[in-house]
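So the chains spell out like this:
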Amino acid sequence: MLGTDGVEVTGPAGDRYDEILTPGALALIAKLQRELGPRRAGLLAARARRQHELSAGAMLDFLDETRDIRADPSWRVAPPAPGLVDRRVEITGPTDRKMTINALNSGARVWLADFEDANTPLWDNMVTGQLNLMDALDRKIDFTSDEGKSYQLRPDAELATIVVRPRGWHLDEKHLLVDGERVSGSLFDFALYFFHCAGRQLAKGKGPYFYLAKTESHLEARLWNDAFLIAQDALGIPRGTIRATVLIETIPAAFEMQEILYELREHSSGLNAGRWDYLFSIIKKFRTRGRDFVLPERNAVTMTAPFMRAYTELLVSTCHARGAHAMGGMAAFIPSRRDAAVNATALAKVRDDKSRESRDGFDGSWVAHPDLVPVCQEVFDGVLGDRPNQLGVLRDDVSVGAPDLLSIAETPGGITEAGLRNNISVGLQYLANWLAGNGAVAIFNLMEDAATAEISRSQVWQWLHNDIRLAEGPLITRDLVERLIGEELTTIREQQGGAFDGAKYDEATALFTEVALADDYADFLTIPAYERMP
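Residues numbered from 1 in each chain as written. Predicted model: local features only at pLDDT ≥ 70, side-chain atom pairs only at ≥ 80, totals over all residues. Heavy atoms only, no water.

Colleague: Looking at this model, I keep getting lost on the overall build of the chain. Mind explaining?
Modeller: The helix and strand tally for the chain stands at 18 helices and 15 strands. By the compact-globule yardstick of 24 Å for 534 residues, the chain fits well, its C-alpha radius of gyration being 22 Å. Relative to all contacts within the chain whose residues are 6 or more apart in sequence, the contacts with residues 24 or more apart total 78%. As displayed, the chain offers around 20100 Å² of accessible surface, 51% of which is attributable to carbon and sulfur atoms. Measuring between centres, the 58 positive side-chain charges of the chain sit 2 Å from its 77 negative side-chain charges. (Helix = DSSP H or I, 4+ residues; strand = E, 2+ residues; numbered from the N terminus. Rg over C-alpha atoms; globule rule 2.2 N^0.38 Å. Contact = heavy atoms within 4.5 Å. Areas by Shrake-Rupley, 256 points an atom, 1.4 Å probe, with all protein chains shown as cover. Lys, Arg positive; Asp, Glu negative; His and termini not counted. Charge placed at Lys NZ, Arg CZ, Asp CG, Glu CD.)

Colleague: What's the story with the packing of aromatic side chains in this structure? I'm lost.
Modeller: Enumeration according to the criterion identifies 19 aromatic pairs in this entry. Arranged with centres 4.6 Å apart and planes meeting at 35°, the rings of W169 and W224 form a pair that is tilted. Remark: W224 occurs in helix α6 (residues 218-235) and W169 occurs in the loop between β6 (161-165) and β7 (172-178); sequence separation between them is 55 residues. Each of the two residues, W169 as well as W224, counts as buried. Here the aromatic rings of F190 and F228 are separated by 5.4 Å at their centres, their planes lie at 50°, and the arrangement is tilted. Of this pair, F190 sits in helix α5 (residues 185-203) while F228 sits in helix α6, and the two are 38 residues apart along the sequence. Taken as a pair, F190 and F228 share a single burial class, namely buried. (Phe/Tyr/Trp six-rings, centres within 6.5 Å; stacked < 30°, edge-to-face > 60°. Buried < 20%, exposed > 50% of the residue type's maximum accessible area, 1.4 Å probe, protein only.)

Colleague: Quick question: what am I supposed to make of the pairing of strand β8 (residues 181-184) here?
Modeller: Successive residues of a regular strand alternate their side chains across the two faces of the sheet. Two strands pair when backbone bridges link them, and β7 and β8 are joined in this way by 4 bridges, in the antiparallel orientation. Residue pairing in the sheet places E173 in a bridge with V183 of β8. What sits between β7 and β8 in their antiparallel hairpin is a turn of 2 residues, with D179 showing a positive phi close to 55°. (Pairing = 2+ DSSP bridges.)

If you want it as structure tokens, here you go:
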């Protein structure tokens, strides 16, 4: 489908797509792409250069050229925006119709409406997700499921505040071309929501709010800030109306927290400790640097590891010194209706995790399931009382240096055959679902997203390429991993029975093998995965 003025929609048309892919919305995407696309390309090239330097032996540190920003005690971010003053519980999830209603009704203060890691970027998902957000704001989203269950929104005053997470800078939207080139997935997701929903949100007394994923530098944050300025000016909305929370989920960004807040200060609503992608980033950045940078198996790495404590405490102290919210990490557990013992153990871990975050000064935290909202709220209620946040907890006691953030080798835990098998099984199951259009997948009582698959395949790659032995003795080799892939696939087939989709698991196995065992490491598995879908 050919658009106008160099804009071409190559994806198929669908029901009500014309309500989202309007001439005005496409024009805003084109404007952003033309003005910011070259800078985006330059920043992605800078990522590649930094990776080359790290692989050659360089080390991360705080930036000399921005020392004055860190040393200046006077600047602050914008005050909390309406609907973002109290964020003690935030729920995350994709923007399908059922999730939209359940998340808004969940009792959480904020819903992270996800077009990124909990979403598969099928063309239909990207467009209908925008429709669902628009319909929710218009209160036209009530529906009845095929099973006859009715879903409808509670009164506006009881609904969570919507905060949209666009895709990261590294991802394209292949179904929309501007001047013959794919547009940035980030700008596509941001512009469509902003164009259609900014006014709707303002009419409800809130505003257009965003979570920014996979940021690696303050220059990437500056690019976002410029996108906000362009979009606000284009629609005649006052500058500073947009607010954005940046996920500090890459190890380079951990060294630029203050600078990221500074670049976005007019539009900033804080930082988030995106723990799973943070682990993925550490593995990725230092994947060839030997045993000192090899993490234990995924489930053994907890938030009490020294490098994780340094990261989270620095995030809280940095945010509160600048008047910004500090948001805690994900509780991914899915309560079981069948196993009370599993629930009791998992809920105790969730409570411990949220208690640590609340004591550390976080202003709120994430959950992946509505049943966890009461647990998280109870913990933060106990610390906050009638206060909406902990911005007054300045954590002047925190002193974190580069060696603390990089103390990977001090992480307790081992690498076992069970851990290797878990990485393989979770990776295969997640990718089979992802390729089928589902980006938020329940696996072993956890709600997994793309970050889980990234850690799983990256650990396998790192262990294989750094001559790591299992605790049981065997060296991790390609032959061993391929054998275990076959065995885990057999187990999955037996467990799923008639629901097993052989074709999707063949695709998932091929993709997992490619990104876990290839000589050349793929920066993001979602990039080759995206090319496999229509």
